[in-house]
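# A look at the structure
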Amino acid sequence: MSERRLPRWLAWAADPEQLRRAPFLARSPLFAGLPRRLLARLATRFLEKVYRPGEVVFEEGDPGRALFVVVEGAVEITRATAQGPYVLNTLGPGDAFGELALIDDFPRSATARVATPGRLLILYKSDFDALIDGDARIAVVVMRNLSRMLAIYARRKPVLATEPGPETAGPL
């Protein structure tokens, strides 16, 4: 019996890494609700990179150019303070970070540093933009999920208005 070859445009479907990525991404809240076909298309745009403990993924103030998903290991999200780095969150497998890079070009608001040996999936904004140009449903689902995540975050950590002190007082 002869082995049937897939057409070149469908060859990614036989790649074991791609077959593993789509179900993994489906478990991430950012991609929840995407149909399998669209998840498979999205999975082909991710790059995978291995990181050593202590390695910096990005620094606070760097331009935001990509979204990251933790495959293995742990990543600490920190902010610089006068007393030194302050750990905001520790992320593990399935967690996404840097997601705001998909919607704006603002500098990173925190530093991401790998805490334990790990592997991350990386989706560059340019790849995401090219993908959603071909199918806007991906953008609708991802942006809806991102909006939900931001709403939950905002409800958990409300921004409190304070009276201006000498260092924040400005002209009236």
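Residues numbered from 1 in each chain as written. Predicted model: local features only at pLDDT ≥ 70, side-chain atom pairs only at ≥ 80, totals over all residues. Heavy atoms only, no water.

### Observations regarding the overall build of the chain
The number of helices and strands found in the chain is four helices and eight strands. Along the chain, helices and strands appear, N-terminal first, in the series α-α-β-β-β-β-β-β-β-β-α-α. For the chain, the residues scored as buried account for 35% of the 172 residues in total. Sequence-distant contacts, at least 24 apart, represent 73% of the contacts inside the chain between residues at least 6 apart. Put simply, the chain shows about 11,200 Å² of open surface, and 57% of that area lies on carbon and sulfur atoms. (Helix = DSSP H or I, 4+ residues; strand = E, 2+ residues; numbered from the N terminus. Buried < 20%, exposed > 50% of the residue type's maximum accessible area, 1.4 Å probe, protein only. Contact = heavy atoms within 4.5 Å. Areas by Shrake-Rupley, 256 points an atom, 1.4 Å probe, with all protein chains shown as cover.)

### Focus: the pairing of strand β5 (residues 84–91)
The sheet contact formed by strand β4 (residues 75–81) and β5 spans seven bridges and is antiparallel. Among the inter-strand pairings, R79 is bridged to a residue of β5, identified as Y86. (Pairing = 2+ DSSP bridges.)

### Points about the sheet that holds β5
Sheet architecture is open: four strands sit in the order β2-β7-β4-β5, paired in antiparallel fashion. Edge positions in the sheet fall to β2 (56–58) and β5, since each has one partner strand and no second. On average, adjacent strands in this sheet sit at an angle of 35 degrees to one another, irrespective of strand direction. (Axes fitted to C-alpha atoms, helices over the stretch in contact; angles between N-to-C directions.)

### Description of the layout of surface pockets
Roughly 1,100 Å³ of internal volume is contained in the largest pocket. Counting only elements with at least two residues in the lining of the largest pocket, the list comes to β4, β5, β6 (96–97) and α4 (136–156). For the lining of the largest pocket, the element with the highest residue contribution is α4, accounting for five residues. Looking at the lining of the largest pocket, its residues break down into 17 nonpolar, six polar and seven charged. The calculated volume of the second largest pocket comes to roughly 190 Å³. (1 Å grid on protein atoms, 1.4 Å probe; cavity = no way out; pocket = protein on both sides within 12 Å on 5 of 7 lines; lining within 4 Å. Points joined across faces, edges and corners; volume = space filled by probe spheres on them. Nonpolar A, V, L, I, M, F, W, Y, C, P; charged D, E, K, R; others polar.)

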